Amino acid sequence: MSDPEIIREDNGSKGRYLLRQNGTEAELTFSVASPSLIIADHTGVPDALRGTGAGAALVARLVADAKAGGYKIVPLCPFVNAQRRRRPEWADQFSA
């Protein structure tokens, strides 16, 4: 997958990352627990985007934003948690 555009939408204590490709959308939703902690609660990738790296790209953007913003991630979403386990270099961005 070639660097798709990922948009971050914030709506108070909730938000999402949105990836659009070929008329299809994948998303990763989160809740803001505090200024230093967000909860990644759901990743949704439609069948048309499965196997393209869309979900991994959403998690990578979440991690990059957490690093830049100085906050930690609670990986409540099973997909985000699986990506965390695969990428030990991301350990500093996740809360235990």
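Above this text is the structure in question.
What you see is a predicted model, and the numbers here were worked out from it, not measured in a lab.

J.: Outline the overall build of the chain, supporting the account with residue identities and numerical values.
T.: Secondary structure assignment for the chain yields two helices and five strands. Reading the helices (α) and strands (β) of the chain from amino to carboxyl end gives β-β-β-β-α-β-α. Once the C-alpha set of the chain is aligned to its principal axes, its extents read approximately 35 × 30 × 20 Å. Residues counted as buried form 36% of the 96 residues belonging to the chain. Looking at the chain alone, contacts between residues at least 24 apart form 41% of all its contacts between residues at least 6 apart. For the chain, the accessible area works out to roughly 5500 Å², and carbon and sulfur atoms hold 49% of it. Each charge sign in the chain was given a centre, from 12 positive and 11 negative side chains, and these centres are 6 Å apart.

J.: Any chance you could break down the sheet that holds strand 1 (residues 6-11) for me, citing the residues and the numbers?
T.: Judged by pairing direction, the sheet is mixed, and its five strands sit side by side in the order 1-2-3-4-5 without closing on themselves. Edge strands, defined here as strands with exactly one partner in the open sheet, are strand 1 and strand 5 (72-75). Strand-to-strand twist in this sheet, taken as the mean axis angle between neighbours without regard to direction, amounts to 25°.

J.: An account of the packing of helix 1 (residues 54-69) against helix 2 (residues 78-86) is needed here, citing residue identities and associated values.
T.: Between helix 1 and helix 2, the least distance of the axes is 10 Å, while the angle of their chain directions is 75°. In terms of their interaxial angle, helix 1 and helix 2 are classed as roughly perpendicular. Between helix 1, through Gly-55, Ala-56, Val-59 and Leu-62, and helix 2, the contact on the second element is made entirely by Phe-79, Val-80 and Gln-83. Among the residues forming the contact of helix 1 with helix 2, the class breakdown is five nonpolar, two polar and no charged.

So, how was this worked out
- Each chain carries its own residue numbering, running from 1 in the direction its sequence is written.
- In keeping with the predicted nature of the model, local features appear solely for residues at pLDDT of at least 70, side-chain atom pairs appear and are counted solely at 80 or more, and the whole-chain, interface and lining totals rest on all residues.
- Values shown for side chains rest on all heavy atoms present in the structure; no hydrogens or waters enter the calculation.
- Numbering of helices and strands runs from the N terminus; a helix is a DSSP stretch of H or I covering at least four residues, while a strand is a stretch of E covering at least two.
- Categorising residues by exposure relies on relative accessible area from a 1.4 Å probe, with only protein chains included: less than 20% of the type maximum marks a residue as buried, more than 50% marks it as exposed, and the intermediate range marks it as partly exposed.
- Note on contacts: a residue pair is in contact if any heavy atoms of the two residues lie within 4.5 Å.
- Note on areas: these come from Shrake-Rupley sampling with a 1.4 Å probe, and a residue is covered only by the protein chains present in the view.
- His is not counted, nor are the chain ends, whereas Lys and Arg count as positive and Asp and Glu as negative.
- Taken as the charge location is NZ of Lys, CZ of Arg, CG of Asp or CD of Glu.
- Strands are treated as partners if at least two bridges between them are detected by DSSP.
- What counts as an axis is a line fitted to C-alpha atoms, over the stretch in contact for a helix, and the angles between N-to-C directions run from 0 to 180 degrees.
- The cut-offs work like this: below 35 degrees is roughly parallel, past 145 is roughly antiparallel, 65 to 115 is roughly perpendicular, and the gaps in between are oblique.
- Charged residues are taken to be Asp, Glu, Lys and Arg, nonpolar residues to be Ala, Val, Leu, Ile, Met, Phe, Trp, Tyr, Cys and Pro, and polar residues to be all remaining types, Gly included.

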